[in-house]
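One letter stands for each residue in the lines below.
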Amino acid sequence: MNDLDVLKVFCAGDGRFGNLLGVVRDGRTCPDDASRQRLAAELGYSETVFVDDPERGVVDIRTPGTRMSFAGHPLVGVAWLLDIEELRPPAGSVWARDDGEFTWITVRAEWVEDKRTEQYASPAEVEALPAPPPGEGWLYAWAWEDEAAGRVRARGFPRRPDGAVAEDEATGSAAVLLTAQLNRALNIIQGAGSQILTAPGPDGTVEVGGRVRFAPAGPGRETP
């Protein structure tokens, strides 16, 4: 598709890693639910975003199997791509800003649904987990690398029935949930080396940010 951008969201400082995201800049090219879900499944990324109104920031977020009211890395990616201050996913208004290196969004922790965090004793235990570990339901496995500094090692496992994504490379919504639970700013290394920064705000809000880069187009392709 000519209007498809493929981004890497929550990259490391050298631009590597990050979670792949498909962004269809003109949602009219996939005007109905069936065509959008079909494309999201075909691309196979953990999420694909359809932009329905680039000026007002109206977006539609899809996994390979369903529609989502909120997701973190798609909104960080779209905020960077569109360079706008407000996004409007189904969950509600999301404020965005860019500080020159990181793109940030401010969201409500209550929007994070159907995810569970589990603390492990060490980063080595997190890294040793199979993908996915046994069990059901979305699991965010994490351990302190340096508790005093707020540094966390994490991995995310959707464990969805369709099995389309065994492990999520970087998960903004799970990082939001963990930040709300711990009520402190975090510097998270997730997956193979993606970086997510967070900070709790007032009244149940959390700011989550990361680096975004363009990636080669095509399902499953990623710059090493």
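This text goes with the structure placed above it.
Residues numbered from 1 in each chain as written. Predicted model: local features only at pLDDT ≥ 70, side-chain atom pairs only at ≥ 80, totals over all residues. Heavy atoms only, no water.

Colleague: What's the story with the overall build of the protein chain in this structure? I'm lost.
Modeller: Counting its regular elements, the protein chain contains four helices and 14 strands. Over its C-alpha atoms the protein chain spans a radius of gyration of 16 Å, differing by no more than 12% from the 17 Å that the globule rule assigns to 224 residues. Dimensions of the protein chain, computed from the C-alpha atoms along their principal axes, are close to 50 × 35 × 30 Å. In the protein chain, buried positions account for 54% of the 224 residues. Here the analysis covers contacts within the protein chain between residues at least 6 apart in sequence; of these, 56% occur between residues at least 24 apart. Split by element, the accessible area of the protein chain, about 9700 Å² in all, is 47% carbon and sulfur. Of the charged side chains in the protein chain, 23 are positive and 35 negative; the average position of the first set lies 2 Å away from that of the second. (Helix = DSSP H or I, 4+ residues; strand = E, 2+ residues; numbered from the N terminus. Rg over C-alpha atoms; globule rule 2.2 N^0.38 Å. Buried < 20%, exposed > 50% of the residue type's maximum accessible area, 1.4 Å probe, protein only. Contact = heavy atoms within 4.5 Å. Areas by Shrake-Rupley, 256 points an atom, 1.4 Å probe, with all protein chains shown as cover. Lys, Arg positive; Asp, Glu negative; His and termini not counted. Charge placed at Lys NZ, Arg CZ, Asp CG, Glu CD.)

Colleague: Sorry, what's going on with the environment of isoleucine 61 here?
Modeller: Along the polypeptide, isoleucine 61 turns up in strand S4 (residues 58–62). Classification of isoleucine 61 by relative accessible area gives buried; the value is 0%. Distance from isoleucine 61 to alanine 71, taken between C-alpha atoms, is 7.5 Å for residues 10 residues apart in sequence. Contacts of isoleucine 61, omitting those with residues within four sequence positions, involve Glu47, Thr48, Val49, Thr66, Arg67, Met68, Phe70, Ala71, Pro74, Leu75 and Pro89.

Colleague: Could you clarify how one ought to interpret the pattern of salt bridges in this entry?
Modeller: Where charged atoms from two side chains of opposite charge approach closely, those side chains can pair. On inspection of all chains with the given rule, the structure shows 18 salt bridges. When the shortest N-O distance is used, the salt bridge between aspartate 5 and arginine 25 registers 2.4 Å. Residue aspartate 5 is located in strand S1 (residues 4–11), and its partner arginine 25 is located in the loop between strand S2 (19–24) and helix H1 (33–43); the two are separated by 20 residues in the primary sequence. Overall, aspartate 5 belongs to the buried group, its relative accessible area being 14%. (Salt bridge = Lys/Arg side-chain N within 4 Å of Asp/Glu carboxyl O.)

Colleague: In this structure, what is going on with the packing of aromatic side chains? I would like to understand it.
Modeller: Aromatic ring pairs are reported here in terms of the distance separating the ring centres and the angle at which the planes meet. In total, this model carries four aromatic pairs according to the counting rule given. Judged by centre distance (6.1 Å) and plane angle (55°), the rings of phenylalanine 102 and tryptophan 104 are tilted. With relative accessibility at 10%, the residue phenylalanine 102 sits in the buried group. (Phe/Tyr/Trp six-rings, centres within 6.5 Å; stacked < 30°, edge-to-face > 60°.)

Colleague: What is the right way to look at unusual backbone geometry in this model?
Modeller: A cis amide bond links alanine 131 with the next residue in sequence, proline 132, at an omega value of -5°. Residue phenylalanine 10 is not a glycine yet carries a positive backbone phi of 70°. Along the chain, phenylalanine 10 turns up in strand S1. Backbone geometry at arginine 159 places phi at a positive 45°, although glycine is not the residue there.

Colleague: Is there a simple way to think about the side chain of arginine 62 in this case?
Modeller: Relative to the helices and strands, arginine 62 resides in strand S4. A distance of 3.0 Å separates a polar atom in the side chain of arginine 62 from a polar atom in the side chain of aspartate 60. (Polar contact = N/O pair within 3.5 Å; in protein donor to acceptor, adjacent residues only side chain to side chain.)

Colleague: Quick question: what am I supposed to make of the nonpolar core here?
Modeller: In globular proteins that are soluble, nonpolar side chains generally tend to be buried together. Within the largest apolar cluster, 44 residues are counted, with the highest numbers of intra-cluster contacts made by Leu75, Ile105, Tyr140, Val152, Ile188 and Ile196. Ignoring anything within four residues of it in the chain, the contact list for leucine 75 reads Val59, Ile61, Phe70, Leu87, Pro89, Val94 and Ile105. (Core = buried A, V, L, I, M, F, W, Y, C linked by side-chain atoms within 4.5 Å.)

Colleague: Which parts of the structure should I look at to understand the pairing of S4?
Modeller: By the criterion of burial, S4 is predominantly enclosed, with four of the five residues buried. Here strand S3 (residues 47–53) pairs with S4 via five bridges, running antiparallel. Of the residues in S4, the one forming a bridge with valine 51 is valine 59. Counting the residues that bridge the hairpin from S3 to S4 gives four residues, and of these glycine 57 lies at a positive phi of roughly 75°. Pairing analysis gives two bridges linking S4 to strand S5 (residues 67–68), with the strands arranged antiparallel. Of the residues in S5, the one forming a bridge with isoleucine 61 is methionine 68. Linking S4 to S5, which pair antiparallel, is a turn of four residues. (Pairing = 2+ DSSP bridges.)

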